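Survey of secondary and tertiary structure
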Amino acid sequence: MPLEGRHISYRYPNASGEVFSDLDFRISGPGFHALFGPSGVGKTTLAKMLTGAIKGFDGEIVENGIRRVLYTYNLERLPGWSNVRAHFEEIAPPAGRRRMDELIGTFGIEAILSSRFHRLSLGQQNRANLIRYLLQDFDLLIMDESLANVDESTREKIILKIKILFPDRCFLYISHNVAEVAKFCSQVLVLRSPTRSPQMVAAER
C-alpha cells in the first residue's frame, strides 16, 4: 500500500512564495508513520492534499490501494448535540461495537460518555474525536496533532493500542514531539522549507 508524491509544487492563491517546490515523498505501507517539521512548512497543507481537500497543484499523488483517507485534527468538534456514546453508537457498525468498548476503555473516557461534547475538556474532546474516526472505514488516517492536550502516559497507551488493533492500516501522525515520533513511528518524513533541497527527507527506524 505505498503512497507516493511526485514532483509536488503548490502556491496558495495570491501568496508570494511556494509552499512546496518539486516535493517527493513515499510512505512505504501499513503502520505508524510521522510527518514532522517546524510550523509553517506545510504539514497540514500536505495532509489536505492527501484527502483531496486541496487540488490544483503540480505533480501527482499516487495512492496505491488506498480507497479512503480520513483526516482528524486538534480541536475538531463532534457534529450535532447528542452525547458522546450516542454519537459513537450511531457511526459504529454492529460488528464494531466490541472494538468501540475497547477503544473507550483504552482512551479512558468511560466517565464522560453521557456528556455532550462541548462540556468536555480539550483532552477529552480530542480523545473522543479520534475514536469516532477509528470506528469508521479507512485505509489511511491522518492524525494532525490529534492527541494534543492528552497526558504523555495516556498518549502512549492510545498509540500502542491503535497499532495492535489496526496492523493493516496506514497512519500519518503529525506531531511536534520529537521523542514521541522517534519512539512510535517506523518512518519519519521530515518536511523542510521549499528553499531547501530536497524539501522532504525520510528516516527509517
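Described below are features of the structure shown in this document. (Residues numbered from 1 in each chain as written. Predicted model: local features only at pLDDT ≥ 70, side-chain atom pairs only at ≥ 80, totals over all residues. Heavy atoms only, no water.)

To continue, consider the pattern of salt bridges. Considering all chains together, one arrives at 10 salt bridges under this definition. Notably, a salt bridge pairs R85 with E89, separated by 3.6 Å at the nearest N-O pair. Here R85 pairs with E89, and both are found in helix 2 (residues 84-91), just four residues apart, close to one helical turn. Using a relative accessible area of 30% as the deciding quantity, one classes R85 as partly exposed. (Salt bridge = Lys/Arg side-chain N within 4 Å of Asp/Glu carboxyl O. Helix = DSSP H or I, 4+ residues; strand = E, 2+ residues; numbered from the N terminus. Buried < 20%, exposed > 50% of the residue type's maximum accessible area, 1.4 Å probe, protein only.)

Moving on, we get to the pairing of strand 6 (residues 140-144). Burial runs high along strand 6: five of the five residues are buried. Here strand 6 shows a buried face lined by L140, I142 and D144 and a second buried face lined by L141 and M143. Relative to strand 6, strand 5 (residues 69-73) is paired through five bridges, and the arrangement is parallel. Counted as the bridge partner of V69 is L140 from strand 6. Crossover handedness for the path strand 6 to helix 5 (residues 152-165) to strand 7 (residues 170-174): right-handed. (Pairing = 2+ DSSP bridges. Right-handed = clockwise from strand over helix to strand, strands pointing away.)

This part covers helix 3 (residues 97-107). Residues of helix 3 that are buried: M100, L103, I104, T106 and F107. Projected down its long axis, helix 3 shows its buried positions confined to an angular sector of 165°, all on one face. Downstream of helix 3 by a residue or two, G108 has a phi angle that is positive, lying close to 70°. (Arc of directions from axis to C-beta.)

For the rest of this paragraph, the subject is the sheet that holds strand 3 (residues 31-36). Within a sheet, each strand pairs with its neighbour through backbone hydrogen bonds, oriented either parallel or antiparallel. The strand order across the open sheet formed by six strands is 5-6-7-3-8-9, and the pairing between neighbours is mixed. Unpaired on one side and paired on the other, strand 5 and strand 9 (200-204) mark the two borders of the sheet. Put simply, the sheet's adjacent strands are angled 20° from each other on average, direction ignored. Helix 1 (residues 43-51) contacts strand 3, strand 5, strand 6, strand 7, strand 8 (187-191) and strand 9 of the sheet and is inclined by roughly 150° relative to strand 5. (Axes fitted to C-alpha atoms, helices over the stretch in contact; angles between N-to-C directions. Contact = heavy atoms within 4.5 Å.)

For helix 2, the full list of buried residues reads V84, H87 and F88. Each buried residue of helix 2 lies within a common arc of 100° when the element is viewed along its axis, so the set occupies one face. The opening residue of helix 2 is N83, an N-cap whose side-chain oxygen sits 3.2 Å from the backbone nitrogen of R85. (Polar contact = N/O pair within 3.5 Å; in protein donor to acceptor, adjacent residues only side chain to side chain.)

This part is about the nonpolar core. If you look at the biggest cluster of nonpolar residues, it comprises 39 residues, and the most contacted ones within it are F88, L134 and I162. At the level of elements, strand 3, helix 2, helix 3, helix 4 (122-134), strand 6, helix 5, strand 7 and helix 6 (178-184) are the ones that each hand at least two residues to this core. It is helix 4 that provides the largest number of residues to this core, a total of five residues. If near-sequence neighbours (up to four positions away) are discounted, I162 is found in contact with F32, F107, L130, L134, M143 and F171. (Core = buried A, V, L, I, M, F, W, Y, C linked by side-chain atoms within 4.5 Å.)

Fair warning: the whole summary comes from geometry, so function is off the table for now.
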